[in-house]
Amino acid sequence: MAATLRADSPTHQAETALFDWLVQQCATPACPKVERRYVSDDVGYCLVATKEVAPEEVILSVPLTAAITSEGVDESRWSTHMSIELLERQSGSCQPWLAALPVHVDLPWLYWSDAELAELQEEDTIAEAGQLRAVFESACQELEGRFARQQVAWALSLVHSRSFVMQGCHVWLPGIDMCNHTLANNAGIRCVRSPGSCQGASAVEEVCPPQAAAAGSQEPDRFELVAGERGIAAGEEVTISYGSWPSDVFLLFFGFVPASNPHDSAVLFYDLFDLSAFQQRLVGSAAADETEESAWAAVVAKVQQLEAQLGHQDFRRMAATAAGIDARLLDAAQALLLAGRGSASGQPMSLPTFLRLRCQELLESYPTSLQEDQVLLQQLEQQAAAGDGSAALPSGTVRLPQLMAAVGYRLGKKQVLHATLASLPS
Ligand SMILES: C[S@@+](CC[C@H](N)C(=O)[O-])C[C@H]1O[C@@H](n2cnc3c(N)ncnc32)[C@H](O)[C@@H]1O
C-alpha cells in the first residue's frame, strides 16, 4: 500500500504532456530515453528506460528553477512551506505535472485511524506519527481560509514522499520524482552547481565541470538523474535509493514498508533513563521496601553517573540492526554493569546476558509474536489477492492495506530482535 492513484489514470497523451512541460521548464534532454509507466496500485507509477542508457549517461537534467525547495526556511516548517508552494502552483501553468501526481500518498500520520496506528505496536513510532500530526494541524491552522484540510493533507503527503534531503535542504524535483526506491538502484541524483550561483540546494554529490564555469553565471543549478556504472537496458525500470533507512522512515515519510530491509533496526533503549530503568528493574525488583520514588531516584543517579563517565553525547534511540548493536549502547550498558550489581542475586551480569534479557523483554511486550504475525500476514495477503477487503480484520476501523503495512512493519522489528538474540553468545 503506497500511492493512491487518480481515477482518471493518465493516457499516453498526458504522459507526453508531462515531458513536454519538463522541457518547457528547461529540463533536458528534449527527448528523454524514459517514460512513465503504471506499476500497481501499491507502487503507483515508475520511470522506465525506452532505449538503452549508457553508464553515467544523464537521463534527465532538471533546473533548480523547476524544483520546490525548503531553502532559507526554518527546518520546523519545511514541509508546510513546500506544501504552500505546491498548492499555489495549482493555479499556475503546472497542470501536466500536477496531473501526473497521485491523489495522495497514504502516510500513516495523515490518513490512518488511531486503531490502524496502534497496529504498528511500536510506541516510539506511534508517538512520532503524533508529532507529525501536530505539523499537519498547525499547517491547517496557518492555511485556514485559503486551503481545505483535505488539500493540505494531499500537499503534505506529496511533499514528504517526493522530496529528498540534500545537505540540509529539502528538494522536490519534478520528473526525477517519478523514480521508485530500491537498494539495488541503477541510477542516482547529483547536483551540478552553477559557478555564478550562490543559492540553491547542494546535492549529495556536487559537480561543477570547467565547461559550466565558462558558460557564465546566469545558469541555475541543475539536478541530474544519472545512470549508474552498469547503464540501464531498454525496458528496465530506472530506480534510485531513497537511503539506507530503517523501515520507520519509509513508512512515515514514503508510505510503504520495504519487503525486506537490511537496514531496519529495533530500538533497544530510547535513552539512558530507559537503559538505567531496565537495569533497576533487574536488580531492584527484589527489594520489598523500595518505593517508586526511591527507584526513580536511583535511576536518575545512575544516568548522571553515566553522563559524567561517558560525556554528554546523544544517547537517544540506541538500536540493534542486522549489522550489530549500537556502539553507544555497548559502552553505556558496559559502564552500567561495571558500576553496580548486575542482578537481583547480587551477582555480576555479563553484557550479552543483559542484552538478551532486554531483547526478550521487548519481544514479550508485543501483543503478538513473530510467528503470529507471519501467519496473519499470509492470511491478509490471501484476502487481498481474493479482493476481500473486510474479512477477519481486528475491528471495523482497521482497513486491509493499512493492516498489511502495519504487520509487515512490526514483523521487521521482531525479526531484528530475534536475530540479535541469536547473535549474542550464551
Ligand atoms: C518519489 S515517488 C515515486 C513515484 C511514484 N511511484 C508515483 O507513482 O508517482 C515515491 C512514492 O512511490 C512509491 N514507492 C517508491 N518506491 C517504492 C517501493 N520500493 N515500494 C513501494 N512503493 C514505492 C511510494 O508511494 C512513495 O511514496
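Residues numbered from 1 in each chain as written. Predicted model: local features only at pLDDT ≥ 70, side-chain atom pairs only at ≥ 80, totals over all residues.

As recorded by an unreviewed UniProt entry, the protein chain carries the name SET domain-containing protein and is attributed to Chlorella vulgaris.

Enquirer: Can you walk me through the overall build of the protein chain in this structure?
Expert: When you go through the protein chain residue by residue, the secondary structure sums to 15 helices and 16 strands. A buried classification covers 38% of the 426 residues belonging to the protein chain. When contacts within the protein chain are restricted to residue pairs at least 6 apart in sequence, long-range pairs at least 24 apart make up 73% of them. (Helix = DSSP H or I, 4+ residues; strand = E, 2+ residues; numbered from the N terminus. Buried ≥ 20, exposed ≤ 12 C-beta atoms within 10 Å, placed from the backbone. Contact = placed C-beta atoms within 7 Å.)

Enquirer: What am I meant to see in the packing of helix 11 (residues 292–310) against helix 12 (residues 327–339) here?
Expert: Angle between the axes and distance between the axes: these two values describe a pair of packed helices. Between helix 11 and helix 12, whose axes approach to 10 Å, the crossing angle comes to 120°. For the pair helix 11 and helix 12, the sense of crossing is right-handed. Along its contact with helix 11, which presents Lys302, Gln305, Leu306, Gln309 and Leu310, the element helix 12 presents Asp331, Ala332, Ala335, Leu336 and Ala339. A per-class count over the contact of helix 11 with helix 12 returns six nonpolar, two polar and two charged. (Axes fitted to C-alpha atoms, helices over the stretch in contact; angles between N-to-C directions. Left-handed = near helix turned anticlockwise from the far one by under 90°. Nonpolar A, V, L, I, M, F, W, Y, C, P; charged D, E, K, R; others polar.)

Enquirer: Explain the domain arrangement of the protein chain here, please?
Expert: How big an interface is tends to be stated in terms of accessible area lost as the parts join. Each assigned domain of the protein chain is listed with its residue range as follows: domain 1 (3–55 + 67–183 + 238–254), domain 2 (265–365) and domain 3 (370–423). The distance between the C-alpha centroids of domain 1 and domain 3 comes to 26 Å. With ten residues of domain 1 in contact, the opposing surface of domain 3 contributes 13 residues. At the level of secondary structure, the elements contributing two or more residues to the side of domain 1 that touches domain 3 comprise helix 5 (114–118) and helix 9 (247–254). Taken together, the residues of the side of domain 1 that touches domain 3 sort by class into four nonpolar, three polar and three charged. (Domains from an automatic or database assignment.)

Enquirer: Just checking my understanding: could you explain the confidence of the model for the protein chain for this structure?
Expert: Do not read the fine detail of predicted coordinates wherever pLDDT is low. Per-residue pLDDT for the protein chain averages 88, and the proportion of residues at 70 or more is 86%. Across residues 4–8 the pLDDT falls below 50, and counting only partners more than four positions away or on other chains, this stretch makes nine contacts in the model. Taken as a whole, residues 197–216 scores under 50 in pLDDT and shows 37 contacts with residues more than four places along the chain or in a different chain. Here the predicted complex carries an ipTM of 1.00, next to a pTM of 0.88. (pLDDT = per-residue confidence, 0-100.)

Enquirer: Is there a simple way to think about the sheet that holds strand 15 (residues 318–321) in this case?
Expert: Pairing between the strands of a sheet comes from backbone hydrogen bonds, and it takes one of two forms, parallel or antiparallel. The antiparallel open sheet is built from three strands, whose spatial order is 14-15-16. This sheet does not close on itself; its edge strands, each paired only once, are strand 14 (265–269) and strand 16 (324–325). Sheet analysis places strand 15 next to strand 16, joined by two bridges and oriented antiparallel. From the neighbouring strand, threonine 321 faces strand 16, where its bridge partner is glycine 324. (Pairing = 2+ DSSP bridges.)

Enquirer: I tried to follow helix 12 on my own but got confused; where do I start?
Expert: An α-helical turn contains 3.6 residues, so any two residues separated by three or four positions project in the same direction. For helix 12, with 13 residues, the first-to-last C-alpha span of 18 Å sits near the 18 Å given by 1.5 Å per residue. Taken together, the buried positions of helix 12 are occupied by Leu329, Ala332, Ala333 and Leu336. Buried residues along helix 12 cover an arc of 95° about the axis, so they all sit on one side. The outward face of helix 12, more than 90 degrees from its buried face, is lined by the exposed residues Ala327 and Leu338. (Expected span 1.5 Å × (residues − 1). Arc of directions from axis to C-beta.)

Enquirer: Would you mind going over the nonpolar core with me for this structure?
Expert: Side chains that are nonpolar tend, in soluble globular proteins, to be buried together. Ile59, Val62, Ala67 and Ala187 are the most contacted members of the largest nonpolar core, which totals 73 residues. Grouped together as the second largest cluster of nonpolar side chains are 24 residues, Met318, Ala333, Phe354 and Leu362 included. (Core = buried A, V, L, I, M, F, W, Y, C linked by C-beta atoms within 7 Å.)

Enquirer: Please clarify how the pairing of strand 14 should be interpreted in this entry.
Expert: Walk down a regular strand and you will see the side chains alternate between the two sheet faces. Counting buried positions over the five residues of strand 14 gives five, a clear majority of the element. As paired elements, strand 14 and strand 15 share four bridges and run antiparallel to each other. Its bridge partner being in strand 15, phenylalanine 269 is matched across the sheet by methionine 318.

Enquirer: I tried to follow the sheet that holds strand 9 (residues 180–181) on my own but got confused; where do I start?
Expert: Strand order in the open sheet formed by four strands is 2-3-13-9, with mixed pairing between adjacent strands. Two strands lie at the open edges of the sheet, namely strand 2 (34–40) and strand 9, each paired on one side alone. Note: strand 3 (residues 44–49) against strand 13 (residues 237–240), two bridges, orientation antiparallel. Bridging from a neighbouring strand, valine 48 pairs with glutamate 237 of strand 13.

Enquirer: What should I look at first to understand unusual backbone geometry in this one?
Expert: As a rule of thumb, non-glycine residues mostly have phi less than zero, and peptide bonds are mostly trans rather than cis. For the bond running from threonine 28 to proline 29, omega is -5°, close enough to zero to count as cis. A positive phi angle, near 75°, is found at cysteine 26, a position not held by glycine. Structurally, cysteine 26 is set in the loop between helix 1 (12–24) and strand 2. Look at glutamine 121: it is not a glycine, yet its phi comes out positive at around 65°. Structurally, the position occupied by glutamine 121 is in the loop between helix 5 and helix 6 (123–143).

Enquirer: Can you walk me through the pairing of strand 7 (residues 163–166) in this structure?
Expert: The pairing of strand 7 with strand 8 (residues 169–172) spans four bridges and is classified as antiparallel. Among the inter-strand pairings, valine 165 is bridged to a residue of strand 8, identified as histidine 170. Counting the residues that bridge the hairpin from strand 7 to strand 8 gives two residues, and of these glutamine 167 lies at a positive phi of roughly 45°.

Enquirer: What am I meant to see in the environment of valine 283 here?
Expert: Within the element layout of this structure, valine 283 appears in helix 10 (residues 272–284). It is 61 Å that separates the C-alpha atoms of valine 283 and threonine 65, two residues lying 218 residues apart in sequence.

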